Amino acid sequence: MNETVLFVLLDEYADWEAGSLAAALNEEPEGDGRRFDVKTVSLTKDPVKSIGGFTVLPDYGIDDAPSEFAGLILIGGNSWRKAGSERVMELVDRALRQQAVLGAICDATVFLGKNGLLNDAPHTSNQLDDLQETSGDRYTNQTHYLKQQAVRSGQLVTANGTAFLEFGKEVLEALNAAPQSEINEWYGFFKKGYYEYLKSKQ
């Protein structure tokens with residue numbers, strides 16, 4: 001049975017942060033068959049619309065989301081500071097209990113910060129000042145804030161909103177989704193672009 005990776009999509013989610021990673025997880029590493037089932041979850045099963053205008057009908061609402069999963073990916077967007085987003089902590093707590101991979105990109109990192117979940121690990125976000133201001137005294141780990149595109153600390157992956165490829169690479173590695181050589185090829189191909197990537201392979 002394939003392992004489930006849940007992508008949390010709230011209204012006005014950042015569609016560009018989700019697509020490349022989801023596609024990579026749906027591939028078959030070394031032709032051995034697909035290992036993961038990518039599923040979407042939102043507050044309810046009502047349609048959600050991305051910043052780019054794509055409408056998605058989530059596979060699950062929080063109330064009927066799977067109890068077990070290999071990864072929980074919080075995709076950034078414009079709804080993480082709204083009151084309703086706090087219900088996502090039900091899924092986050094579930095991820096922590098079962099030591100699933102927990103990934104947060106863009107403003108979803110601020111959501112983790114204001115819920116006190118960045119205080120024990122190296123991490124990053126869009127801006128430290130904003131993370132501190134929004135999270136208040138729930139965030140106390142500025143000394144381990146790293147000005148990097150993406151940061152992996154054990155099962156936790158954080159990234160800023162421009163780092164969807166770096167985020168994807170770190171999540172793929174955390175999930176052991178494919179041999180490292182394949183993950184490196186995936187990242188290099190999209191990061192360098194087609195022609196530069198071909199040059200690097202000569």
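Scope of this entry: the structure provided in the associated data block.

**Quick look at the overall build of the protein chain**
Per the secondary structure count, the protein chain includes seven helices and nine strands. The globule rule puts the C-alpha radius of gyration for 202 residues at 17 Å, and the 16 Å found for the protein chain is close to it. Evaluated residue by residue, the protein chain yields a buried proportion of 50% over its 202 residues. A sequence separation of at least 24 residues applies to 59% of the contacts in the protein chain between residues at least 6 apart. Summed over all atoms, the accessible surface of the protein chain reaches about 9900 Å², with 48% contributed by carbon and sulfur. The protein chain carries 19 positive and 30 negative side-chain charges, and their two centres are separated by 2 Å.

**Digging into the layout of surface pockets**
When its volume is computed, the largest pocket comes out at roughly 270 Å³. Surrounding the largest pocket, 14 residues form its lining, Leu 96, Leu 102, Leu 117, Ala 121 and Leu 156 being those nearest its centre. Residue composition of the lining of the largest pocket, by class: eight nonpolar, five polar and one charged. Estimated volume of the second largest pocket: approximately 190 Å³.

**Regarding the packing of helix H5 (residues 164-174) against helix H6 (residues 180-192)**
A pair of packed helices is captured by two measures, namely the crossing angle of their axes and the spacing between those axes. Following both chains from N to C, one finds H5 and H6 inclined at 175°, their axes separated by 10 Å at the closest point. The orientation of H5 with respect to H6, classified from their angle, is roughly antiparallel. Listed contacts from H6 to Leu 165, Glu 166, Gly 168, Lys 169, Leu 172 and Glu 173 of H5 are Gln 180, Ile 183, Asn 184, Trp 186, Tyr 187, Phe 190 and Lys 191.

**Points about the sheet that holds strand S8 (residues 150-153)**
Note on sheets: strands pair through backbone hydrogen bonds, and any given pair is parallel or antiparallel. The seven strands lie next to each other as S5-S2-S1-S6-S7-S9-S8, forming an open sheet whose pairing is mixed. Whereas interior strands pair on both sides, the edge strands pair on one side only; in this sheet they are strand S5 (60-61) and S8. Each of strand S1 (3-8), strand S2 (36-42), strand S6 (71-74) and strand S7 (101-105) is contacted by helix H2 (residues 89-97), which is oriented at about 145° to S6, the strand it contacts most. Strands S6, S7 and strand S9 (156-159) of the sheet are contacted by helix H3 (residues 107-114), whose axis makes an angle of about 120° with S7.

**Structural notes on unusual backbone geometry**
The backbone phi angle of Gln 99 is positive, close to 55°, even though this residue is not glycine. Its location among the elements puts Gln 99 in the loop between H2 and S7. Of note, the phi angle at Asn 176 is positive, near 50°, even though the residue is not glycine. By the element assignment, Asn 176 lies in the loop between H5 and H6. With a relative accessible area of 53%, Asn 176 lands in the exposed category.

**With respect to the pattern of salt bridges**
Counting across every chain of the model gives 13 salt bridges. One continuous salt-bridge network, built from bridges that share partners, spans Asp 63, Arg 87 and Glu 90.

**Thoughts on the side chain of Ser 42**
Along the chain, Ser 42 falls in strand S2. On the accessibility criterion, Ser 42 (5% relative accessible area) is buried. Here Leu 9 takes part through its backbone oxygen, which lies 2.7 Å from a polar atom of the side chain of Ser 42. When sequence neighbours within four positions are dropped, the list of residues in contact with Ser 42 reads Leu 9, Leu 10, Val 48, Pro 58, Tyr 60, Gly 61 and Ile 62.

**Thoughts on a nonpolar patch on the surface**
The grouping of Phe 189, Phe 190, Tyr 194, Tyr 195 and Leu 198 at the surface amounts to a nonpolar patch, some 540 Å² of accessible area in total. At the level of elements, H6 and helix H7 (194-201) are the ones that each hand at least two residues to the nonpolar patch. By secondary structure assignment, the location of Tyr 194 is in helix H7.

**A closer look at the packing of aromatic side chains**
The description of an aromatic ring pair rests on the distance of the ring centres and on the angle between the ring planes. In the structure shown here, the tally under the stated rule is six aromatic pairs. Plain terms: the ring middles of Phe 189 and Phe 190 are 5.2 Å apart, the flat faces sit at 90° to each other, and that makes the pair edge-to-face. The exposure class of Phe 190 is partly exposed, given its relative accessible area of 47%. An aromatic cluster of at least three residues, connected via ring pairs, comprises Trp 186, Phe 189, Phe 190, Tyr 194, Tyr 195 and Tyr 197.

Calculation criteria
- Residues numbered from 1 in each chain as written.
- Predicted model: local features only at pLDDT ≥ 70, side-chain atom pairs only at ≥ 80, totals over all residues.
- Heavy atoms only, no water.
- Helix = DSSP H or I, 4+ residues; strand = E, 2+ residues; numbered from the N terminus.
- Rg over C-alpha atoms; globule rule 2.2 N^0.38 Å.
- Buried < 20%, exposed > 50% of the residue type's maximum accessible area, 1.4 Å probe, protein only.
- Contact = heavy atoms within 4.5 Å.
- Areas by Shrake-Rupley, 256 points an atom, 1.4 Å probe, with all protein chains shown as cover.
- Lys, Arg positive; Asp, Glu negative; His and termini not counted.
- Charge placed at Lys NZ, Arg CZ, Asp CG, Glu CD.
- 1 Å grid on protein atoms, 1.4 Å probe; cavity = no way out; pocket = protein on both sides within 12 Å on 5 of 7 lines; lining within 4 Å.
- Points joined across faces, edges and corners; volume = space filled by probe spheres on them.
- Nonpolar A, V, L, I, M, F, W, Y, C, P; charged D, E, K, R; others polar.
- Axes fitted to C-alpha atoms, helices over the stretch in contact; angles between N-to-C directions.
- Parallel < 35°, antiparallel > 145°, perpendicular 65-115°, else oblique.
- Pairing = 2+ DSSP bridges.
- Salt bridge = Lys/Arg side-chain N within 4 Å of Asp/Glu carboxyl O.
- Polar contact = N/O pair within 3.5 Å; in protein donor to acceptor, adjacent residues only side chain to side chain.
- Patch = residues over 30% accessible without salt bridge, like charges linked within 9 Å, V, L, I, M, F, W, Y side chains within 5 Å.
- Phe/Tyr/Trp six-rings, centres within 6.5 Å; stacked < 30°, edge-to-face > 60°.

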